[in-house]
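Summary of the model geometry
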Amino acid sequence: MIVVKIGGGKGLNLAGLCEDVAALLRAGQRLVLVHGGAETTDELAAALGHPAQYVTSTSGHVSRRTDRRTLEIFEMAYCGQINKGLVERLQGLGVNAVGLSGLDGGLLRGTRKDVLRIVENGRQKVLRDDFTGKVEQVNRGLLTLLLDNGYFPVLTPPALSFNHEAINVDGDRAAAAVAAALHADTLILLTSAPGLLARFPDESSLLTNLSLADLGNAHDYAKGKMKRKVLAAQEALQGGVSQVVIGDGRRPEPLRAALAGEGTKIEG
Ligand code: ADP
């Protein structure tokens, strides 16, 4: 079983990814796809007059400010445009794709953060109307039901809180939770970089083979969104996934290249 996560960035080779998915499925591989959509959400939010805001938590993590209106826009982008775009593309390649958010069938569940402590202009502030959280449970039965019947699951945030509210969750970490729940042997995180770089943005500093222990200090050189991918890799490996590949989602045959050992391979 392989779980693949692709971001929502503009430079990603979605056509190549879908062709790789179709080829791997034809060869009998069991696969699940999880996607993001931050860039489309930002564009849509601006167009709808509710521009994206990012907040920094007291622990230094940057996340999308997700008030109720932002959550609606987030769903339009993730569950609407991006999810349905991927399903349409895959159906065109003969893949019986089924798009599901974490809400559907309670696929991804987690705790909503009841307060978010942020730092704004050097001052601490508490937000109580933010809809964010972290995936803690995956409805494995629903995924195996689909997989066993020849459907290809295409999954997207948001998740469902234990109080039945939609919550914005990180897609990389959601993919890690899905991979662990399905006892996947491989999690592939496709990104807008050649892999994990020791000296970002110097592409010649690509790290090719790492162990879980090597990730201990990766938070020193993984910046921005790469931090979340490192965290997701750690969570997947700790959850029993044998290997995680952080691969280039912009190149031709992005998925097949990652499986062939291109990018950063991290073993548990
Ligand atoms: P997503 O696929 O989730 O939308 P991105 O591809 O934007 O996210 O996230 C990873 C980004 O992190 C890379 O594109 C790169 O710009 C940045 N980055 C920061 N530090 C590193 C690093 N050490 N190695 C590789 N990329 C890094």
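Refer to the structure printed above.
Heads up: these notes are all about the structure in this document. Given the structure is predicted, the values throughout are model-derived calculations rather than measurements.

**Details of the sheet that holds strand β15 (residues 243–248)**
Pairing is mixed in the open sheet, where eight strands are placed in the order β5-β10-β2-β1-β13-β15-β16-β14. Both edges of this open sheet fall to β5 (97–101) and β14 (209–211), since each of them pairs with a single strand only. Here the average twist between neighbouring strands, direction ignored, is 20 degrees. Strand direction decides the pairing type here: β5 and strand β10 (residues 152–156), joined by five bridges, are parallel. The partner of Gly 99 across the bridge, within β10, is Val 154. Strands β2 (31–35), β5 and β10 of the sheet are contacted by helix α4 (residues 140–148), whose axis makes an angle of about 145 degrees with β10.

**Examining the environment of Ala 177**
Note on placement: Ala 177 falls in helix α5 (residues 171–181). Sequence separation between Ala 177 and Glu 235 is 58 residues, and the spatial gap between their C-alpha atoms is 7.6 Å. Those residues in contact with Ala 177, other than ones at most four positions away along the chain, are Val 135 and Val 138.

**Details of the site of the ligand**
By nearness alone, 17 residues border the ligand, and Thr 191, Ser 192, Leu 197, Lys 223 and Lys 229 come closest of all. In this structure, a nitrogen atom belonging to the ligand sits 3.0 Å away from a main-chain N or O atom of Tyr 221. Note that an oxygen atom of the ligand is positioned 2.9 Å from one of the side-chain N or O atoms of Lys 229. Within the complex, the protein chains bury 85% of what would otherwise be the 560 Å² of accessible surface of the ligand. Breaking the shell around the ligand down by element, the ones donating at least two residues are β13 (186–191) and α6 (225–238). Per-element tally for the shell around the ligand: the top contributor is α6, with three residues. Taken together, the residues that form the shell around the ligand break down as eight nonpolar, four polar and five charged.

The rules we used
Residues numbered from 1 in each chain as written. Predicted model: local features only at pLDDT ≥ 70, side-chain atom pairs only at ≥ 80, totals over all residues. Heavy atoms only, no water. Pairing = 2+ DSSP bridges. Helix = DSSP H or I, 4+ residues; strand = E, 2+ residues; numbered from the N terminus. Axes fitted to C-alpha atoms, helices over the stretch in contact; angles between N-to-C directions. Contact = heavy atoms within 4.5 Å. Near = heavy atom within 4 Å. Polar contact = N/O pair within 3.5 Å; in protein donor to acceptor, adjacent residues only side chain to side chain. Areas by Shrake-Rupley, 256 points an atom, 1.4 Å probe, with all protein chains shown as cover. Nonpolar A, V, L, I, M, F, W, Y, C, P; charged D, E, K, R; others polar.

Remember that the coordinates give geometry; whether it matters functionally is a separate question.
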